[in-house]
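Observations on chain architecture
The residues making up each chain are set out below.
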Amino acid sequence: MANIFESKGENHILKDERFLYPEFVPEQLPFRDKEIGEMVFALKPATLGKKPTTLFLTGVPGTGKTVSSKHVLNELGEYSDRTKCLYINCFEFNSKHSILSKATNFLGYAVPTRGLSTEEIFERFVAVTKSKENIPIFIFDEAEQLLKQEDTKDLLYDLSRMGERHKVFIGLVFISNDNFFLSLLDDRVRSSMQASTINFEKYSSLQLKDILKERAKYAFFDNALEDEVIPLAAAHASKEGDARVAIDVLLKAARLAENENSKKVKVAHVRKAFMKEKVVKQELSSNLSKQEQLILDFVKNNEVTAGEIYLALGKDFAERTLRKAINDLEDKKLISAKKVKKGKGVTRVISKVKKS
Ligand SMILES: Nc1ncnc2c1ncn2[C@@H]1O[C@H](COP(=O)(O)OP(=O)(O)OP(=O)(O)O)[C@@H](O)[C@H]1O
Ligand SMILES: [Mg+2]
C-alpha cells in the first residue's frame, strides 16, 4: 500500500512555494518606494561617514515594515563598506545583555559566552564601535518589547546617548506596530534621538492584488491560478490591509488544491482557506484569543516554559503567534512569565497569576 504521505499525482501548481513564505525578501516591493526612499535618505549619511537619522517605522501588521527594512539592509550592505547593518528581533533578543552581546560580536569583538557583566559588555561595545571606521546601523524589530523591562529601557537610553557621551555615530531604526510605542518612550530618550517617523499605511485591495501577482510569478507555474483567485485573496485581506494575510491565504489555497490533485487553484480553494482562518478569527473576537485560551489550558496550575508551550501548540500556531499570545496574557495579568537562565540563554517560566 502507498505511504500516507505519498503525493497522489504530479504537481502542476507550486513551482517554488518559498516565494510565499513570510521570511522571503522579494527584490521588488510594490507601493513601498516612498517609504524605502525615506529610509535611504535617513541612512545614507552613514555611507559618507556622517551621522544617520534615527528612524521609527510604524504601521499596522502586514504593511511591509520588516520586509522593507530587510530590503534596505541588503542593499546597503552591497552598496557600502562604511556601514555595518544588523537586524535584531526584540522578541528573540530581549535583554540588554543579549542584545549588546550580539551587537558587539557583530562588530567584530568576540564576546565570551559567560563571565562578562552587562556593563562590561557595554564598555566593549563602545570600544569596538569607536575603534572601527564604519558606522553601525541597528534595526530593532518588534521594538515595543524593549519597553517591557527596565534593562532594555536602559539600553535605549544608552544608545540614544552614544553620540553625546562617547562621540560615536550609530544608526538606529525602531520598528513597531504598536501605536503606543512612541508615546511610551521616555521623553529623554525621544528628545535625544531626534528621530523621523515613517508610517506604513494599510494596503488597498488593488495594491494587494498587484503584490500577490508579483509574488505569484515566482511561486507558481504558468496558468496555475484561476483568474479570480488573486482578486479574491486580495479582497479578503483588504479590510486589515495586511499583505501577510493575503499571501498566506494564497499559499493555503494552493496547498489545498495540490492536495486534491487539482490542475489549478480555484476560487473554491481560496474560500476553503478562508474557512480555516475564520475558526481562529471567531475565537479571537471573544475576550481571549484561541491561542490564549489554549495556553491557559495547557499551563493549568503548573509552571511551564515558553519552549514547552511552543512544542505543545506549535503544530497549530506559528511560534510568533504563541509568543504574542503569551505577552498578551501577561499584559492582561492572567499569567506571569519569569525569566530564568537556561543553558546559554534565557527562557521564560510561565505560571497562572493567582487571584486573591
Ligand atoms: N510591498 C510588498 N510587496 C511584496 N510583499 C510584501 C509587500 N509588503 C509586505 N509584503 C509581504 O507581506 C508579509 C508581511 O510583511 P511584513 O512582515 O514586512 O509586515 P510588517 O509590517 O513587518 O508586519 P508586523 O507589524 O506584523 O511585523 C511578508 O511576507 C512580506 O514579504
Ligand atoms: Mg514585522
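Residues numbered from 1 in each chain as written. Chains lettered and ligands numbered in written order. Predicted model: local features only at pLDDT ≥ 70, side-chain atom pairs only at ≥ 80, totals over all residues. Heavy atoms only, no water.

Lining the immediate environment of ligand 1, one finds 19 residues, of which Pro 30, Lys 65, Thr 66, Tyr 203 and Arg 215 sit closest. In the model, an oxygen atom of ligand 1 is placed 3.2 Å from a nitrogen or oxygen of the Thr 63 main chain. Compared with its free state, where it exposes 630 Å², ligand 1 has 97% of that area covered by protein. Of all the elements in the fold, those that place two or more residues in the shell around ligand 1 are helix 2 (65-79), helix 9 (205-219) and helix 11 (243-259). (Near = heavy atom within 4 Å. Polar contact = N/O pair within 3.5 Å; in protein donor to acceptor, adjacent residues only side chain to side chain. Areas by Shrake-Rupley, 256 points an atom, 1.4 Å probe, with all protein chains shown as cover. Helix = DSSP H or I, 4+ residues; strand = E, 2+ residues; numbered from the N terminus.)

Right, let's get into the domain arrangement of the protein. The domains assigned to the protein are domain 1 (33-199), domain 2 (203-285) and domain 3 (290-352). The straight-line distance from the C-alpha centre of domain 2 to that of domain 3 is 30 Å. (Domains from an automatic or database assignment.)

A word on the sheet that holds strand 2 (residues 83-89). With respect to topology, 5 strands assemble into an open sheet ordered 2-3-4-1-5, the strand pairing being parallel. Both outer strands of the open sheet, strand 2 and strand 5 (196-199), are each paired with one neighbouring strand and no more. Neighbour-to-neighbour, the strand axes of the sheet open up by a mean angle of 15 degrees, direction not taken into account. Sheet topology places strand 2 next to strand 3 (residues 135-141); 7 bridges connect them, and they run parallel. (Pairing = 2+ DSSP bridges. Axes fitted to C-alpha atoms, helices over the stretch in contact; angles between N-to-C directions.)

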